[in-house]
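# Observations on the model geometry
Residue-level listing of the chains:
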Amino acid sequence: IEYAINSNVDIINLSMYSKRTLATSILEVEIEKAVKAGIIVVGSAGNDGADVSDYIPGGIPDVYTIGAVNGDGVRRVLSNYGDLVDYYTVADSTSDAAALFTGYISANGLNAAEGDTTGLIFKTAKEHDEYENDDVDVVDKTPDTTKDNQTLFDPIIENYVKEHADTSYVGNLADDGLAILNVLD
């Protein structure tokens, strides 16, 4: 975020989310610095199906918080919701929704989102109690959750990173004894 501020960007996309904790206060301060610098900050509402006010970046009032809906404008069950959600975008997750919204406003301007007629962006979402989120394809329904060391990171993410990391960039995770540390949890 500091790099983006120093580079005078127009928009920062934060297609990620985390529960609000003491550790995320650092991120909140950086986001507020970007907003004060005149940068549009777009953030994911989160995918826990909960009120967005307890999440970062979506719980920050000055962030354009984006939720996810289906093509009929019905809120995805996984999409966080609440008064702080500014727009809903047709997407399978709120991370995808925030990325699509960012691309849209980058090409068309923020004012265009308010009157969007493409069917991509909704100012509010419809609720439907019987809607199921079956169309989201879960890549691995039985992930390996075993840990081979005492890192402080989610074992699913840790194992994914170990399998997919570019070893020419980060070294061999197993041989070099590198540990992964999640600083937001």
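Whatever comes next refers back to the structure up there.
Structural notes, computed from the coordinates. All values reported here derive from a predicted model rather than from experimental measurement.

On to the sheet that holds strand β1 (residues 11-14), then. Strand order in the open sheet formed by five strands is β1-β3-β5-β6-β7, with mixed pairing between adjacent strands. A single partner strand is all that each edge strand has here, and the edge strands are β1 and β7 (121-122). Strand direction decides the pairing type here: strand β5 (residues 64-69) and strand β6 (residues 85-90), joined by five bridges, are parallel. Within β6, the residue paired with Ile66 across the bridge is Tyr87.

Moving on, we come to the pairing of β5. Counting buried positions along β5 gives five out of six residues, so the element sits mostly inside the fold. Two elements, strand β3 (residues 40-44) and β5, share three bridges in a ladder whose sense is parallel. Its bridge partner lying in β5, Ser44 is registered against Ile66.

This next bit is on the environment of Asp51. Its location among the elements puts Asp51 in the loop between β3 and β4 (55-56). For the pair Asp51 and Asp83, spaced 32 residues apart in the sequence, the C-alpha separation amounts to 8.5 Å. Beyond its immediate stretch of four places on either side in the chain, Asp51 contacts Tyr81 and Gly82.

On to helix α2 (residues 25-36), then. Between its first and last C-alpha, α2 extends 16 Å over 12 residues, near the 16 Å set by a 1.5 Å rise per residue. Three or more residues of α2 are buried, namely Leu27, Glu28, Glu30, Ile31 and Ala34. Take α2 and look down its axis: the buried residues cluster within an arc of 165°, on one side only. The exposed set on the far side of α2, more than 90 degrees from its buried face, consists of Ile26 and Lys36. Its buried side turned inward, α2 meets α1 (2-6), β1, β3 and β4. At the exit of α2 stands Gly38, carrying a positive phi of roughly 90°.

Our focus in this paragraph is the pairing of β6. With five of six residues buried, β6 lies mostly within the body of the structure. Direction of pairing for β6 relative to β7: antiparallel, over a ladder of two bridges. Pairing of Thr89 across the sheet is with Ile121, part of β7.

Tallied over the full model, the rule gives two aromatic pairs. Between the aromatic rings of Tyr17 and Tyr55, the centroid separation amounts to 5.9 Å while the plane-to-plane angle is 55°, which identifies the pairing as tilted. You can see Tyr17 sitting in the loop between β1 and β2 (18-19) and its partner Tyr55 sitting in strand β4, a full 38 residues away along the chain. Here Tyr55 falls in the buried class, since its relative accessible area comes to 4%. Directly above the ring of Tyr87 sits Lys123, whose terminal nitrogen or CZ lies 4.4 Å from the centroid.

This part takes up the environment of Gly67. Checked against the element boundaries, Gly67 lands in strand β5. Between the alpha carbons of Gly67 and Gly82 there is a distance of 9.5 Å; along the sequence they are 15 residues apart.

A word on the pattern of salt bridges. Oppositely charged side chains can form a pair if their charged atoms are brought close together. Scanning the entire structure with this criterion turns up five salt bridges. For the salt bridge of Glu28 with Arg20, the shortest nitrogen-to-oxygen distance reads 3.2 Å. For Glu30, the salt bridge goes to Lys33, with nearest N and O atoms at 3.3 Å. Here Glu30 and its partner Lys33 are both found in helix α2, three residues apart, which amounts to about one turn of the helix. Salt bridges sharing partners connect three or more residues here, namely Glu2, Glu30 and Lys33.

Reading the values: the criteria
Residues numbered from 1 in each chain as written. Predicted model: local features only at pLDDT ≥ 70, side-chain atom pairs only at ≥ 80, totals over all residues. Heavy atoms only, no water. Pairing = 2+ DSSP bridges. Helix = DSSP H or I, 4+ residues; strand = E, 2+ residues; numbered from the N terminus. Buried < 20%, exposed > 50% of the residue type's maximum accessible area, 1.4 Å probe, protein only. Contact = heavy atoms within 4.5 Å. Expected span 1.5 Å × (residues − 1). Arc of directions from axis to C-beta. Phe/Tyr/Trp six-rings, centres within 6.5 Å; stacked < 30°, edge-to-face > 60°. Lys NZ or Arg CZ within 6 Å of the ring centre and 35° of its normal. Salt bridge = Lys/Arg side-chain N within 4 Å of Asp/Glu carboxyl O.

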